[in-house]
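Chain by chain, the residues:
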Amino acid sequence: MGTVDENVVTIVDPSDKFRPEKDDFRNYTQNNEYFDRVRRTYREMHSTQNVNFVERKMAKWCQFNRGEMTIMEALQLLNSLVDESDPDVDVPNSVHAFQTAERIRSVHPDKEWFQLTGLIHDIGKVLAVWGEPQSCVVGDTFPVGCEFSEHIVFGRESFSDNEDINNPKFNNKFGIYQEKCGLRNVLMSWGHDGKKNSRRIHYFNISCV
């Protein structure tokens, strides 16, 4: 019977099948039932997510004045959400949350913090239930305020309608940042990860949204 190295954690990124450098890895064609949905969501995301957009969303959603709920109440809200950026599944995000937590528990039964992380990792997607379009809730995040990388899902071409792409302040390697400034000083695209992290920083028990 094989053993599990507890020091190794494998992270599976389902969106990597659409990355430009992954042409030979799970290369879904337009015949895939989810391809058009995924591409449409990312195209809208990459067209609208710029510095101004992100700053407006942060001002709107990071005031911690939307309400209070338990983790279970937030997960129940996700019963009605199917992630349009996910090329693999077509089930409610609440199901995905419990699947992730249970899978982690089966491999790491002694790491309750890790199991909790799996359970809540997508909880910020309640933004979509509250009326935000999925293009500013789901999917991979990326830096704004600098040149868009060719390694972002669907590549730089998918940003052709983004207003920052022609702004000389933003469309170079470092943009508004200093080299080695640190990730905490980089403005990322707005989505469920940003909302979740803002709650984590504000309230460790993640009871306030």
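Notes on the structure in this doc start here. Residue positions are counted from 1 within each chain, in the order its sequence is given. Since the coordinates come from a predicted model, pLDDT governs what is reported: local features require at least 70, and pairs of side-chain atoms require 80 or more to be given and counted, while whole-chain, interface and lining totals use all residues. In computing side-chain properties, one takes all heavy atoms of the structure into account and sets aside hydrogens as well as water.

1. Description of the pattern of salt bridges
Pairing is possible between side chains of opposite charge, provided their charged atoms come close. Spelled out, the test is: Salt bridges are identified by distance alone: a Lys or Arg side-chain nitrogen within 4 Å of an Asp or Glu carboxyl oxygen. In DSSP terms, a helix is any run of H or I states spanning at least four residues, a strand is any run of E spanning at least two, and both are numbered starting from the N terminus. Only protein chains enter the area calculation, which uses a 1.4 Å probe; residues under 20% of their type maximum are buried, those over 50% are exposed, and those in between are partly exposed.
Counted according to the given criterion, the structure contains 9 salt bridges. Note that D161 and R43 form a salt bridge whose closest N and O atoms lie 3.6 Å from each other. Pair noted here: D161 is in the loop between α6 (126-129) and α7 (192-202) and R43 is in helix α1 (residues 35-48), with a separation of 118 residues, a long-range link. On the accessibility criterion, D161 (54% relative accessible area) is exposed. For R43, a relative accessible area of 27% translates into the label partly exposed. Between E132 and K57 there is a salt bridge whose closest N-O contact spans 2.8 Å. With E132 in the loop between α6 and α7 and K57 in helix α2 (residues 51-61), the pair connects residues that are 75 residues apart, well separated along the chain. The exposure classification of E132 matches that of K57, with both residues buried.

2. Focus: the side chain of S94
Rule in force here: By definition, residues are in contact when any of their heavy atoms lie within 4.5 Å.
For S94, the location among the structural elements is in helix α4 (residues 93-107). Look at S94 and you get buried, because its relative accessible area is 4%. If near-sequence neighbours (up to four positions away) are discounted, S94 is found in contact with L75, L78 and N79.

3. Overview of the environment of V144
Secondary-structure assignment places V144 in the loop between α6 and α7. Between the C-alpha atom of V144 and that of N50, which follows or precedes it by 94 residues, the distance is 5.8 Å. Ignoring sequence-local partners within four residues, the contact set of V144 consists of Q49, N50, V51, V54, Y177, L187, M188 and S189.

Without other data, these values stay purely geometric and don't point to any function.
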